[in-house]
Amino acid sequence: MDSILVTGNGPLSGQIPIAGAKNACLTLMPATLLSDEPLTLTNAPRLSDIRTMTALLGSLGAEVSTLQDGKVLAMSSHDLTSHTADYDIVRKMRASILVLGPMLARDGQAVVSLPGGCAIGARPVDLHLRALEALGAQMELKDGYVHARAPGGLKGGRIDFPFVSVGATENALMAATLAKGTTVIGNAAREPEIVDLAACLVKMGAQIDGAGTGTITVQGVERLHGATHPVVTDRIELGTYMLAPAICGGEVELLGGRKALVGAFCDKLDEAGIEVTETERGLSVKRREDHVKAVNVTTEPFPGFPTDLQAQMMALLCTADGVSVLEETIFENRFMHAPELMRMGARIDVHGGHATVTGVAQLKGAPVMATDLRASVSLILAGLAAAGDTLVSRVYHLDRGYEHVVGKLRGVGARIERIHAT
Ligand code: EPZ
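Residues numbered from 1 in each chain as written. Predicted model: local features only at pLDDT ≥ 70, side-chain atom pairs only at ≥ 80, totals over all residues. Heavy atoms only, no water.

Caption draft 1: Here's a closer look at the overall build of the protein. Of regular secondary structure, the protein possesses 14 helices and 24 strands. Relative to its length of 422 residues, the protein is compact, with a C-alpha radius of gyration of 21 Å against a globular reference of 22 Å. On the principal axes, the C-alpha backbone points of the protein span a range of 65 × 45 × 40 Å. The buried share of the protein, taken over its 422 residues, is 58%. (Helix = DSSP H or I, 4+ residues; strand = E, 2+ residues; numbered from the N terminus. Rg over C-alpha atoms; globule rule 2.2 N^0.38 Å. Buried < 20%, exposed > 50% of the residue type's maximum accessible area, 1.4 Å probe, protein only.)

Caption draft 2: Highlighting the sheet that holds strand β8 (residues 138–142). With mixed pairing, the 4 strands of this open sheet are ordered in space as β6-β7-β9-β8. A strand with exactly one partner marks an edge of an open sheet, and here the two such strands are β6 (84–85) and β8. Here 5 bridges tie β8 to strand β9 (residues 145–149), and the two strands are oriented antiparallel to one another. Paired with M139 across the strands is A148, a residue of β9. On top of the sheet, helix α4 (residues 100–107) reaches β7 (109–113), β8 and β9; it is set at about 160° to β7, its chief contact. (Pairing = 2+ DSSP bridges. Contact = heavy atoms within 4.5 Å. Axes fitted to C-alpha atoms, helices over the stretch in contact; angles between N-to-C directions.)

Caption draft 3: Layout of the site of the ligand. Taken together, 22 residues lie near the ligand, and D126, L127, S165, D308 and I330 sit nearest. D308 is positioned such that a nitrogen or oxygen atom in its side chain is 2.6 Å from an oxygen atom of the ligand. Contact distances for the ligand include 3.3 Å between an oxygen atom and a side-chain N or O atom of R334. Calculation on the ligand without its partners gives an accessible area of 820 Å², and the protein chains cover 87% of this total. Counting residues per element, the ones that place at least two in the shell around the ligand are α1 (22–28), α5 (126–133), α6 (166–176) and α12 (373–385). (Near = heavy atom within 4 Å. Polar contact = N/O pair within 3.5 Å; in protein donor to acceptor, adjacent residues only side chain to side chain. Areas by Shrake-Rupley, 256 points an atom, 1.4 Å probe, with all protein chains shown as cover.)

Caption draft 4: Main features of the sheet that holds strand β10 (residues 158–160). Across the sheet, which stays open at both edges, the 4 strands sit in the order β10-β11-β13-β12 with mixed pairing between neighbours. Where the open sheet ends on each side, the last strands, each with one partner, are β10 and β12 (207–209). Sheet twist, expressed as the average angle between the axes of neighbouring strands with direction ignored, equals 15°. Looking at chain direction, β12 and strand β13 (residues 215–219) are connected through 3 bridges and run antiparallel.

Caption draft 5: How the structure looks around the side chain of E253. Structurally, E253 can be placed in strand β15 (residues 250–255). Given the relative accessible area of 13%, E253 is considered buried. Side chain to side chain, E253 and T279 meet in a polar contact 2.6 Å long. Polar side-chain contacts of E253 include one of 3.3 Å to the side chain of R281. Those residues in contact with E253 that sit more than four places away from it in its chain are G14, Q15, I16, T279, R281, G282, L283 and S284.

Caption draft 6: The nonpolar core, seen in detail. Counting residues in each nonpolar core, the largest one holds 78 residues, and the members touching the most others are V99, L173 and L201. At 6 residues, α6 tops the list of elements feeding residues into this core. Not counting residues up to four positions away in its chain, the partners in contact with V99 are P30, L33, M53, L56, L57, L60, A85 and V112. Grouped together as the second largest cluster of nonpolar side chains are 69 residues, A244, A272, I380 and I416 included. (Core = buried A, V, L, I, M, F, W, Y, C linked by side-chain atoms within 4.5 Å.)

Caption draft 7: Broad picture of the side chain of T183. In this fold, T183 is placed in strand β11 (residues 182–186). Polar contacts involving the side chain of T183 include one to the main-chain amide nitrogen of G157, which spans 3.4 Å. Setting aside chain neighbours within four positions, we find T183 in contact with L135, G156, G157, I159, A176, I216, T217 and V218.

Caption draft 8: Representation of the packing of α5 against α6 within the structure. Close contact between α5 and α6 brings their axes to 8 Å; oriented N to C, the two are set at 25°. The orientation of α5 relative to α6 falls into the category roughly parallel. The handedness of the crossing between α5 and α6 is right-handed. On α6, the residues touching L127, H128, A131 and L132 of α5 are G167, A168, N171, A172 and A175. For the contact of α5 with α6, a count of residues per class yields 6 nonpolar, 3 polar and no charged. (Parallel < 35°, antiparallel > 145°, perpendicular 65-115°, else oblique. Left-handed = near helix turned anticlockwise from the far one by under 90°. Nonpolar A, V, L, I, M, F, W, Y, C, P; charged D, E, K, R; others polar.)

Caption draft 9: Spatial organisation of helix α10 (residues 310–317). Across the 8 residues of α10, 8 count as buried, placing the element largely inside the fold. Residues of α10 that are buried: Q310, A311, Q312, M313, M314, A315, L316 and L317.

Keep in mind that these numbers describe shape and distance, not what the molecule does.
So, in structure tokens, the structure goes:
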């Protein structure tokens, strides 16, 4: 297993290009199952999760050609040869559940392994199943698999989520595009990735209103045609790299960044004394003063502070003046980066869904272990500001969501290298 060695090297400066959004691409790719015409995605990120989704779609009989060094995904699912998403692929990536709604909508049948839990929580899929049942699907759980059927096709219906679920909203939205009649999705997720998915589906001929609000209305159509669609910029990669100059000093321009993608996050950075300026090519970020101020953070569904930036923000607050409280309201176990940051001298008290961080003047480099995707990059950020060397192991977590992290950070003056396992 590879590791990444980071050595604190003072202020950063330069540009970092932001890629297409992993979490948009992972729902746009299954949308190819909704049509027998080609769907092409541009601005796709080069990530291991995308390769896993490619393998999953291939196992169903879809064709996915990766062009232009992986930035273009030319997909077509003219004839599905299987309707079963196997456990060995699904367990590696929970987003695999997003083939359920499209397969059901297109062919009236789907067998998808339950994804199982992951490091950050139990991650059940009950809301996905309930939503599809509201569209007339029959669900049966057997041997760890969901056996879904809709013999006469899906019918439009009313779905009211008890709480916001990004994935369940995406599954319901995709399924509803081919359901007979009208579907209304209440308490829908409002993330930019939902808006991007809806924009792509509309290009394919779907009739969707309200994407980006809490209520989405879909008028089912007979069939969807092909399309070409650019994947929206990755707001989580954007937010992650905005924290690099915040924690190290200096000034970095994030190419392709837009404040609209990270509104609540920018508000928090402003409160902490970080200046974010819109430029012609993206966002420029620098500290107003030598140290950041302690702030309190509560994660919420969009447009609130993203849970996927909580670990990275904690790394910044470990070096802030004062005491910060981070409240994680989305996942039940998303503070596993805290013990690793404490190995670097951070002062963090975790109690249930709250982490109290007392800022220290200087973190110290140490060997640390990545536990999940976003935790791994928070350790990289801490290492950029720490005195000495930080060796982050198990960086396969990082490869799931960040392309060329070493190259992008080196490009702004960081001392960082990947150490390949022998
Ligand atoms: C998506 O996961 C993202 N993944 C996650 O990003 C992100 O953290 C999450 O949304 C929240 O923004 C992708 O888009 C591929 P949810 P998802 O359904 O859809 C519970 C990353 O780092 N829940 O909005 O799985 C669930 O356990 C990843 O890129 C149910 O109880 O998240 C969680 O507590 C991590 N039953 C809460 O809802 C369900 O049926 C929100 O989950 C579904 C979810």
